[in-house]
Amino acid sequence: ASSEYFADYGTYDVSITVPSQFVIGATGEHRAQTENEDGTTTHYFYQHSVHDFAWTASPRLLEYKEDYEFIPGKSTEITILLQPEHKKIKDRYMNAVKNAVKYSSIFYGDYPYTTVTCVDPGYNSRSGGMEYPTFFTGGTYFLTRKGIPRPEGVTIHEFGHGYFYGLV
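Heads up: these notes are all about the structure in this document. All of these numbers come straight from a predicted model, not from anything done at the bench.

1. Focus: the environment of F135
So, point 1. Within the secondary structure, F135 is located in strand β10 (residues 135-137).
So, point 2. Taking the C-alpha atoms as reference points, F135 and T115, separated by 20 residues in sequence, lie 8.5 Å from one another.
So, point 3. Not counting the four nearest positions on each side in its chain, F135 is found in contact with G25, A26, T27, A54, W55, T56, T117 and V119.

Structure follows, in structure tokens:
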């Protein structure tokens, strides 16, 4: 109970093997992948100076990536892993992450990592709204419309935990 906002820092050099049709996301940089003869793929992730590691994989996830220069000369690769039923709000997730990176960098110091991954959790999975270094879950309603601040509110909030317990 007294350690939620404390953890030792370390370097994670992780190999994860999943069925080849799965989309995967994790803390840190996706450095390589190897296609195995048994129909699986081994993915290699690396991140220095973080206090935790998390990952997700599913054959249902849709993956969207974009390089984002949040201040001149500083950029990060944004990955959105989206449930197919939420495909229409991809841009809302992407814009929320961009705003979180940009404004956190302005107010709290430059975002120091080369990646950030936002996962749209599965319906009723009870996994929305959780943060890890460079990786967090967002959350939205099954039916959402303009004017309802989800996924934006939870996306910005969970990204913010990367600063307030992770960096500051």
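Still to come is the rest of the account.
2. Let's talk about the packing of aromatic side chains
So, point 1. Taken as a whole and assessed by the stated rule, the structure comprises nine aromatic pairs.
So, point 2. Ring centres of Y12 and F53 lie 5.7 Å apart, and the angle between their planes is 25°; on these two criteria the pair is classed as stacked. Taken together, the residues Y12 in strand β1 (residues 10-19) and F53 in the loop between β4 (40-50) and β5 (55-58) connect sequence positions 41 residues apart.
So, point 3. Residue class for Y12 comes out partly exposed when judged on its relative accessible area of 26%.
So, point 4. Here the aromatic rings of Y108 and F164 are separated by 4.9 Å at their centres, their planes lie at 85°, and the arrangement is edge-to-face.

3. Observations concerning the sheet that holds β10
So, point 1. Within the open sheet, the five strands sit side by side as β6-β7-β8-β10-β9. Their pairing is mixed. The open sheet is flanked by β6 (62-71) and β9 (130-132), the only strands paired with a single partner. Adjacent strand axes in the sheet meet at a mean angle of 15° when their direction is disregarded.
So, point 2. Bridge count between β6 and strand β7 (residues 74-82): nine bridges; the pairing is antiparallel. Of the residues in β7, the one forming a bridge with L62 is L82.
So, point 3. On top of the sheet, helix α1 (residues 90-108) reaches β6, β7, β8 (115-119) and β10; it is set at about 30° to β6, its chief contact.
So, point 4. Strand contacts of helix α2 (residues 152-160): β8, β9 and β10, with the helix running at about 145° to β10, the strand carrying the most contacts.

4. Concerning the sheet that holds β4
Hydrogen bonds between backbone groups are what pair the strands of a sheet, and the pairing can be parallel or antiparallel.
So, point 1. Overall, antiparallel pairing links the three strands, which are arranged β1-β4-β3 in an open sheet. On the outer flanks of this sheet lie β1 and β3 (29-35), each paired with one strand and no other. This sheet shows a mean twist of 20° between the axes of neighbouring strands, independent of strand direction.

Calculation notes
Residues numbered from 1 in each chain as written. Predicted model: local features only at pLDDT ≥ 70, side-chain atom pairs only at ≥ 80, totals over all residues. Heavy atoms only, no water. Helix = DSSP H or I, 4+ residues; strand = E, 2+ residues; numbered from the N terminus. Contact = heavy atoms within 4.5 Å. Phe/Tyr/Trp six-rings, centres within 6.5 Å; stacked < 30°, edge-to-face > 60°. Buried < 20%, exposed > 50% of the residue type's maximum accessible area, 1.4 Å probe, protein only. Pairing = 2+ DSSP bridges. Axes fitted to C-alpha atoms, helices over the stretch in contact; angles between N-to-C directions.

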